[in-house]
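Remarks on the overall topology
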Amino acid sequence: MSLSYASPTTVNEAVALLTGATGLTKILSGGTDLLVQLRSGRVKPDIIMDTKKIPGILGIIETEAGFVIGAATPGAVIGEHAGLAAAYPGIVEAANLIGSTQVQGRASLAGNLCNASPAADSVPAMITAGAIAIVVGPNGQRAVPVEQIVIGPGRTSLARGEFILEFKLPKPAARSSGAYLRFIPRTEMDIAVVGAAVNVTLDAAGVITHARVSLGAVAPTQLLVVDGANAIIGSKLDDAALAKLDAAARAVCNPIDDKRGTIDFRIKVAGVLARRAAAIAVQRALGQAAGTKH
Amino acid sequence: MSKQHVTTTINGEPAEFLAEPFMSLLDALRDEMHLTGSKEGCGSGDCGACSIIVDGRLVCSCLMLAVEAEGHEIITIEGVANGDELHPVQRKFLEHAALQCGYCTPGLIVATKALLDRHPNPTETEARYWLAGNLCRCTGYDKIIRAVMDAAAEMRGVTA
Ligand SMILES: Cc1cc2nc3c(=O)[nH]c(=O)nc-3n(C[C@H](O)[C@H](O)[C@H](O)COP(=O)(O)OP(=O)(O)OC[C@H]3O[C@@H](n4cnc5c(N)ncnc54)[C@H](O)[C@@H]3O)c2cc1C
Ligand code: FES
Ligand code: FES
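Criteria and thresholds
Counting restarts for each chain: residues are numbered from 1 in the order of the written sequence. Throughout, the order in which chains and ligands are written sets their labels, letters from A for the former and numbers from 1 for the latter. Reporting of local features is limited, given that this is a predicted model, to residues whose pLDDT is at least 70; pairs of side-chain atoms are given and counted only at 80 or more, and all residues count toward the totals for whole chains, interfaces and linings. Heavy atoms throughout the structure, all of them, feed into the side-chain values; hydrogens and water do not. Per the annotation, domain bounds derive from an automatic or database assignment of domains. In this description, contact between two residues means that some pair of their heavy atoms is separated by no more than 4.5 Å. Reported buried area values correspond to the accessible surface (1.4 Å probe) lost by two parts on association, with both partners' losses combined. The salt bridge criterion pairs a side-chain nitrogen of Lys or Arg with a carboxyl oxygen of Asp or Glu, the two atoms within 4 Å. In the analysis that follows, any N or O atom pair within 3.5 Å is treated as a polar contact, provided that within protein one partner can donate a hydrogen and the other can accept it, and provided that, for residues neighboring in sequence, both atoms belong to side chains. One heavy atom suffices: a residue is near a molecule or strand as soon as one of its heavy atoms comes within 4 Å of it. Computed with a 1.4 Å probe, the accessible areas rest on the Shrake-Rupley method; for each residue, only the protein chains presented here act as cover. Pairs of strands are assigned from DSSP output, requiring at least two bridges between the strands. Comment: elements are numbered from the N terminus, with helices defined as DSSP H or I runs of at least four residues and strands as E runs of at least two.

Description of the domain arrangement of chain A
All names here are of chain A. The domains assigned to chain A are domain 1 (4-49 + 57-170) and domain 2 (176-285). Across the boundary between the two partners, domain 1 contributes 25 residues, which contact 24 residues of domain 2. Surface buried jointly by domain 1 and domain 2 totals about 1900 Å² across both partners, of which 56% is contributed by carbon and sulfur atoms. Sorting the residues of domain 1 by area buried against domain 2 places Pro118, Pro124 and Thr128 first, and these three jointly supply 29% of that buried surface. Where domain 1 touches domain 2, the interface holds 3 salt bridges. A salt bridge links Asp121 to Arg182; its shortest N-O distance comes to 2.8 Å. Taken together, the links from domain 1 to domain 2 amount to 11 residue pairs in polar contact (both at pLDDT 80 or more).

What follows is the structure in structure tokens.
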């Protein structure tokens with residue numbers, strides 16, 4: 001069978017190509033995972049389908065309802081969007097941690113998610129922000145919470161013929177913000193040993209009324225830590241709430257043991273980063289209430 | 001394996017080449033266009049020796065398919081100088097001896113040009129982070145950073 005590259009210009013054309021193809025078809029966004037795997041021989045596709053000519057798949061739209069981020073939008077473009085950075089600083093800082101300037105020129109949220117690495121940086125931040133993936137396929141369109149896309153290392157819940165077209169983020173409630181932190185042994189160009197994202201909404205008195213906590217690189221998939229959120233809801237993030245969050249984060253970890261971090265180390269750091277990310281998220285939400293920019 | 005015809009713009013000139021479907025843009029630049037300034041250090045996005053600018057964005061040409069270049073504007077190291085006149089970044093790399101073996105140099109110069117096109121007045125920290133994806137096994141980076149900061153100052157019209 002001969003290898004081929006296709007760049008459909010409509011969703012229908014792309015879905016028809018994916019459903020009709022024989023052999024292995026790989027979807028291409030920025031290629032910063034796929035091309036590495038292609039070169040190393042780890043994946044041997046027959047067809048590569050480039051999504052980037054599909055309208056809407058590159059770029060960010062801000063509407064009354066919130067934000068729509070095209071699936072293939074590169075990190076560099078995400079980092080330059082002031083509105084998104086103000087509303088969802090956690091997603092922007094997480095997306096911008098991916099790789100070098102060169103990688104930022106190409107790496108997308110859909111690729112980061114669908115490569116399904118447990119350490120993918122943008123995924124915990126998207127989960128805590130409540131991001132919804134708009135999945136298109138032979139049966140039309142469906143809206144899937146980001147935490148339901150990855151089902152194991154390298155595996156997603158997308159069916160044959162499906163791909164992600166865009167991500168939707170609601171307009172954030174007043175006094176809401178988020179943060180993402182990762183631990184790496186150096187300061188740049190490394191893969192998370194642990195990642196933690198927290199989003200919070202505060203009431204007028206500064207009490208947390210809504211929270212989401214997610215951890216990366218401590219289990220086969222990113223985790224939504226419901227007990228961690230419950231630990232801080234109703235508090236002003238006092239020491240007791242932080243201690244409960246730390247314990248809840250450590251309790252869900254099921255990490256690997258490798259040269260970059262032992263099991264014990266990863267579990268401990270998960271608790272620490274969850275606390276720190278929560279503190280930053282609350283600070284940012286308070287800053288917003290005071291009308292300051294961050 | 002059928003080759004695909006690609007029409008693009010390289011260093012301001014229209015360019016065409018034939019590419020196998022899964023050929024990297026780096027291989028097409030080097031082997032089809034004979035623009036051998038861009039280097040392959042790793043082929044996996046880690047070293048930056050293959051850095052080029054596509055539609056104003058710095059990217060690794062080893063992580064792009066050649067066929068993806070269709071309709072886009074590419075700048076390679078060969079397009080940085082103005083004829084025989086070196087770009088200030090190139091001149092400053094020479095003045096500061098910011099290279100030894102030179103393998104990383106084309107990528108670093110293209111990456112520095114991309115930095116200064118966008119951020120004419122970077123701090124040293126910003127410059128170091130921007131260039132974190134360009135590895136050099138010879139210089140220890142210090143002279144590179146001095147060249148970058150000096151080029152930035154000259155291009156802004158101030159003497160460092
Ligand atoms: C030097 C280097 C450093 C890196 N550093 C980091 C890092 O610090 N943190 C991190 O998280 N990652 C890192 N990565 C990995 C990679 O850059 C990211 O995962 C990136 O976000 C992938 O996005 P992409 O658009 O390039 O994906 P692609 O390579 O295009 O695709 C990745 C996977 O997702 C699938 N896919 C792509 N788009 C879609 C879609 N719309 N629908 C369904 N499936 C799709 C592809 O088929 C493929 O399996 C690094 C990579 C390199 C080369
Ligand atoms: S050859 Fe492209 S980054 Fe090393
Ligand atoms: S001068 Fe030799 S790698 Fe940089």
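Digging into the site of ligand 1
Taken together, 36 residues surround ligand 1, and among them Ile27(A), Ser29(A), Thr32(A), Asp33(A) and Ser108(A) come closest. Chain contributions to the surroundings of ligand 1 come from chains A and B. Leu97(A) is positioned with one of its backbone polar atoms (N or O) 3.5 Å from an oxygen atom of ligand 1. When ligand 1 is considered free in solution it has 990 Å² of accessible area, and contact with the protein chains removes 93% of it.

Focus: the sheet that holds strand S12 (residues 194-202) of chain A
Residues and elements named next belong to chain A. Reading across from one edge, S11-S12-S13-S14 is the order of the 4 strands in this open sheet, with antiparallel pairing throughout. Edge positions in the sheet fall to strand S11 (176-183) and strand S14 (223-224), since each of these pairs with one other strand and no more. Relative to S14, strand S13 (residues 208-216) is paired through 2 bridges, and the arrangement is antiparallel. Paired with Ser214 across the two strands is Leu224, which belongs to S14.

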